[in-house]
Amino acid sequence: MTIRVVVADDQELVRSGFAMILDAQPDIEVVAEVGDGARAVDAVRRLAPDVALLDIRMPVVDGIGACRTISAETGCRTVMLTTFDSDEYVYEALHAGASGFLLKDVRRDDLVHAVRVVTAGDSLLAPSVARRLVADYTSRPPAAAVEPSARLDVLTARERETLLHLARGLSNAEIAAALVVSEHTVKTHVGNVLSKLGLRDRIQAVICAYECGLAAPSPGGGPAAGSPARGSRSPSGKPPGGGSVRTVRSTGWSP
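The structure contained in this document is the topic of the report that follows.

Brief notes about the packing of helix α1 (residues 12-23) against helix α5 (residues 108-119)
The description of two helices packed together rests on the angle between their axes and the distance between the axes.
Thinking step 1. Where α1 contacts α5, the axes come no closer than 10 Å and their chain directions differ by 70°. The orientation of α1 with respect to α5, classified from their angle, is roughly perpendicular. Across the interface between the two elements, Phe18, Ile21 and Leu22 of α1 pack against Arg108, Leu111, Val112 and Val115 of α5.
Thinking step 2. Here the residues of the contact of α1 with α5 are counted per class, giving six nonpolar, no polar and one charged.

Given below as structure tokens:
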């Protein structure tokens, strides 16, 4: 299978560089290079690519706006590319439906890996973005105006448990151990959670859990159990989610 990609960036050298790296791969084809968000949306509508790489700051329509339209109208997955990693952009991009968020200094191999990962249905964040996102959500109190039951009544009790474990950052294997069920059963629960709540992937499930008040911070305002604390390190001495990118397994759709 050839992965079809649209690259959108208003800087021609950056755009051409990304396209050259991706086109050199035997399983990836860049079908369009464009310089603004409006043309990116048009290219996705016309060419039906698998992935769109979108710079956040572009003229006419910015990357966030393009991502929002592409996510709403098509099945194309989006990866945001930027020189900035501020919280504002992370949250806006994820709420717009982005499947990945990378800084422009990403390594060549990691850029290629990101395209393959999101095509497979997973989600991917730069490690600094992943750590900030999880730490921020686990340190804030749940929105007082939103009752857990307001949106989550469609879930069974076991599906709620699964969503809570997702919010704590557990893998399918870890969730299976916690619930004393098989990984296949966990995949089914994860798929049901995403389908019933209309979520694209695991990242949006984490956001939903905290916004709905299901996952609350631990006493004292610290991270919930299983979540990395701000600035925490693994036994190896490296920050959580080490490496250049962090892959978030997103569904139970695939075997």
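Some remarks on the pattern of salt bridges
Thinking step 1. All chains considered together, the criterion is met by nine salt bridges.
Thinking step 2. Across the pair Lys104 and Asp9 runs a salt bridge, and its minimum N-O distance is 2.7 Å. Taken together, the residues Lys104 in the loop between β5 (100-103) and α5 and Asp9 in the loop between β1 (3-8) and α1 connect sequence positions 95 residues apart.
Thinking step 3. What makes Lys104 buried here is its relative accessible area of 17%.
Thinking step 4. The network of salt bridges with common partners includes Asp9, Asp55 and Lys104.

As for helix α2 (residues 37-47)
Thinking step 1. Of all the residues in α2, the buried ones are Gly37, Ala40, Val41, Ala43 and Val44. Here the buried residues of α2 occupy an arc of 160° about the axis, which is enough to place them on one side. In α2, those exposed residues whose orientation departs by more than 90 degrees from the buried face are Arg45 and Arg46.
Thinking step 2. For α2, the elements touching its buried residues are β1, β2 (28-34), β3 (51-55) and α3 (63-73).
Thinking step 3. Two or three places before Ala38, at the opening of α2, Asp36 has a side-chain oxygen 3.0 Å from that residue's backbone nitrogen.
Thinking step 4. At the C-terminal side of α2, Ala48 shows a positive phi close to 50°.

Calculation notes
Residues numbered from 1 in each chain as written. Predicted model: local features only at pLDDT ≥ 70, side-chain atom pairs only at ≥ 80, totals over all residues. Heavy atoms only, no water. Axes fitted to C-alpha atoms, helices over the stretch in contact; angles between N-to-C directions. Helix = DSSP H or I, 4+ residues; strand = E, 2+ residues; numbered from the N terminus. Parallel < 35°, antiparallel > 145°, perpendicular 65-115°, else oblique. Contact = heavy atoms within 4.5 Å. Nonpolar A, V, L, I, M, F, W, Y, C, P; charged D, E, K, R; others polar. Salt bridge = Lys/Arg side-chain N within 4 Å of Asp/Glu carboxyl O. Buried < 20%, exposed > 50% of the residue type's maximum accessible area, 1.4 Å probe, protein only. Arc of directions from axis to C-beta. Polar contact = N/O pair within 3.5 Å; in protein donor to acceptor, adjacent residues only side chain to side chain.

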